[in-house]
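The residues making up each chain are set out below.
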Amino acid sequence: MFKAYIFTILLAVFSFNSLAQNHNFAQKTIDTLASSAFYGRGYVKDGDKKAAIFISKFYSNTGLKPFKNSSYLYPFSFPVNTFPSKCEVKIDGKTLVPGVDYIVNPGCPSIRKKLIIQSISDHKSYPEKRKRTALLYDTSYKLEKQELASAGNFNLKIHLQKKLTWSVATSKDSRSGIEILKTSFPVNSKKIKVKIISKMVNHDAFNVIGYIEGTEIKDTFIVLTAHYDHLGMMGKTIFPGANDNASGVAMMMDMAKYFSKNPCKYSIAFIAFAGEEPGLIGSKSYTDIPWAELPLGKIKFLINLDLMGSGEKGMAVVNATIFPDYFNKLQQANGNAEKKYLTGFKSRGKAANSDHYWFVERGVKGFFFYLMGDYNHYHDIGDNTKNLRLGEFYDKSFLLIRDFILLI
Ligand SMILES: [Zn+2]
């Protein structure tokens, strides 16, 4: 009895310690990937390549096997519009702070001009004869194509916004444009001075792929995926991407650590994708030309992790309604009313919103998990490690996903 009691305590202490270790490992990984040394894991200063090397080293140190001649890297390339030098915006002589007060449209062509601001709502005729004009429109205003065409000879679009949400473009827009936070825009401003240099580049990127061999069914794979790229830099301003998606990569790596010590029946492959933000390019490339050693037909189930930093409001499951048997298994893994990992699930259908999409379109079964909570930084400079500190739901969702994998 006493022995059993001691044993129970030891087991509890041990599992608490190993959970705490997981938690610390994941937070440290997020802190590293979202640090300024990785430049927002994008297209300036080799940010995404630095992340690819970091993940490769982790695979190697953790004992993951490469599929190809001792390399984990799956290469591909795509065009992307970049902002390699400092962006400057001044309104009536006042300098706006990039990322805080404004963002540049991702497809913005270079522009270096002093312009007169003309609001679209407060005049009837567009500034056809005035060449040096910036066209201003408000938060809710939708500038129609036709209207743009008839708006004449303006040089810059200024869209006022309630929240700044940046992204990546693979081509240039026909006109330069910026978005300014409505509260940062001085009322009745007359003049704007802009200096934005953009450059289209053909960007080389790498998916990072490794695996842990199964104990029984070695040629069938459960695949865990997470994209490691983010938006990179807008001039000197870094978009760190802590939740999107250093958090998902951290959990994927945490799973790799766990399953390297506790291999399961099936082999488990891990794919860290690049090129997600410009339009799921890394995962599309892989499904276009999969490696012969990891063909789509050998994937039993795929789990994509993106935005795994919160969880107080449960977990969203994309494709839950498409694969109800697997959704049942997930609910089973979550436990009963007395012992539940997460408060609940948001069951969703198909969605082209992360890297699971092309796999499922091409016949692979899979879910995309993202955690829901109060964390509201998305594609902005606030998605950083100061704001993202992992809580208890990281541990709980880790255990839930691990238990789900064991039920597959
Ligand atoms: Zn993402």
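Note that the coordinates shown come from a computational prediction; the quantities given were computed from them, not determined experimentally. (Residues numbered from 1 in each chain as written. Predicted model: local features only at pLDDT ≥ 70, side-chain atom pairs only at ≥ 80, totals over all residues. Heavy atoms only, no water.)

Some remarks on the overall build of the chain
A count of helices and strands for the chain gives eight helices and 18 strands. Computed over C-alpha atoms, the radius of gyration of the chain comes to 24 Å, within 12% of the 22 Å expected from 2.2 N^0.38 for 408 residues, which places it in the range of a compact globule. Out of the 408 residues in the chain, the part that is buried amounts to 55%. In the chain, once contacts between residues fewer than 6 apart in sequence are set aside, the share between residues at least 24 apart is 79%. Only carbon and sulfur atoms are counted for the fraction: they give 54% of the accessible area of the chain, which is about 18,400 Å². If the 54 positive side-chain charges of the chain are averaged to one point and the 36 negative ones to another, these points end up 6 Å apart. (Helix = DSSP H or I, 4+ residues; strand = E, 2+ residues; numbered from the N terminus. Rg over C-alpha atoms; globule rule 2.2 N^0.38 Å. Buried < 20%, exposed > 50% of the residue type's maximum accessible area, 1.4 Å probe, protein only. Contact = heavy atoms within 4.5 Å. Areas by Shrake-Rupley, 256 points an atom, 1.4 Å probe, with all protein chains shown as cover. Lys, Arg positive; Asp, Glu negative; His and termini not counted. Charge placed at Lys NZ, Arg CZ, Asp CG, Glu CD.)

Observations regarding the nonpolar core
Residues Ile192 and Phe369 are the most contacted members of the largest nonpolar core, which totals 118 residues. Looking at this core, the element that brings in the most residues is helix 4 (residues 242-261), giving 10 residues. Inspection of this core shows a minimum of three residues originating in each of domain 1 (24-81 + 201-407) and domain 2 (86-196). Ignoring sequence-local partners within four residues, the contact set of Phe369 consists of Ile303, Asn304, Leu305, Asp306, Met308, Met315, Ala316, Val317, Leu330, Ile401 and Phe404. Judged by nonpolar contacts, the second largest core, of seven residues, contains Leu307, Ala316, Val318 and Met372. (Core = buried A, V, L, I, M, F, W, Y, C linked by side-chain atoms within 4.5 Å. Domains from an automatic or database assignment.)

Topic: the coordination of the zinc ion
Of the protein atoms, only His227 (NE2), Asp244 (OD), Asp306 (OD) and Asp306 (OD) coordinate the zinc ion, at distances of 2.0 to 2.6 Å. Here the zinc ion binds four donor atoms, and the angle range of 49 to 140 degrees at the metal identifies the geometry as irregular. (Donors = N, O, S within 2.8 Å, 3.2 Å for Na, K, Ca; no water. Tetrahedral: all angles 85-135°; square planar, octahedral: opposite > 155°, others 65-115°.)

Here's the deal with the packing of helix 4 against helix 8 (residues 392-407)
Interhelical geometry of helix 4 versus helix 8 gives an angle of 55 degrees and a closest axis separation of 11 Å. In terms of their interaxial angle, helix 4 and helix 8 are classed as oblique. Judged by the sense of rotation from one axis to the other, the crossing of helix 4 with helix 8 is right-handed. Listed contacts from helix 8 to Ala250, Met251, Asp254, Met255, Tyr258 and Phe259 of helix 4 are Tyr394, Ser397, Phe398, Ile401, Arg402, Ile405 and Leu406. Looking at the contact of helix 4 with helix 8, its residues break down into 10 nonpolar, one polar and two charged. (Axes fitted to C-alpha atoms, helices over the stretch in contact; angles between N-to-C directions. Parallel < 35°, antiparallel > 145°, perpendicular 65-115°, else oblique. Left-handed = near helix turned anticlockwise from the far one by under 90°. Nonpolar A, V, L, I, M, F, W, Y, C, P; charged D, E, K, R; others polar.)

A closer look at the pairing of strand 6 (residues 133-137)
The element strand 6 is largely enclosed, with a buried count of five among its five residues. The alternating pattern of strand 6 places Thr133, Leu135 and Tyr137 on one face and Ala134 and Leu136 on the opposite face, and all of these are buried. By the bridge criterion, four bridges tie strand 5 (residues 111-119) to strand 6 in an arrangement that is parallel. Paired with Ile116 across the bridge in strand 6 is Thr133. Of the pairings in the sheet, the one linking strand 6 to strand 7 (residues 156-161) comprises four bridges and is parallel in character. Pairing of Tyr137 across the sheet is with His159, part of strand 7. (Pairing = 2+ DSSP bridges.)

Remarks on the domain arrangement of the chain
Split into domains, the chain comes out as domain 1 (24-81 + 201-407) and domain 2 (86-196). One C-alpha centre belongs to domain 1, the other to domain 2, and the line joining them spans 36 Å. Every contact between the two is made by 18 residues of domain 1 and, on the other side, 21 residues of domain 2. Taken over both partners, the interface formed by domain 1 and domain 2 buries close to 1,500 Å², and the fraction arising from carbon and sulfur atoms is 67%. On the domain 1 side of the contact with domain 2, Asn81, Leu231 and Met234 bury the most area, a combined 41% of that side's loss. Counting across the domain 1 and domain 2 interface gives one salt bridge. Seen at the junction of domain 1 and domain 2, the total is six residue pairs in polar contact (both at pLDDT 80 or more). (Buried area = accessible area lost by both parts, 1.4 Å probe. Salt bridge = Lys/Arg side-chain N within 4 Å of Asp/Glu carboxyl O. Polar contact = N/O pair within 3.5 Å; in protein donor to acceptor, adjacent residues only side chain to side chain.)

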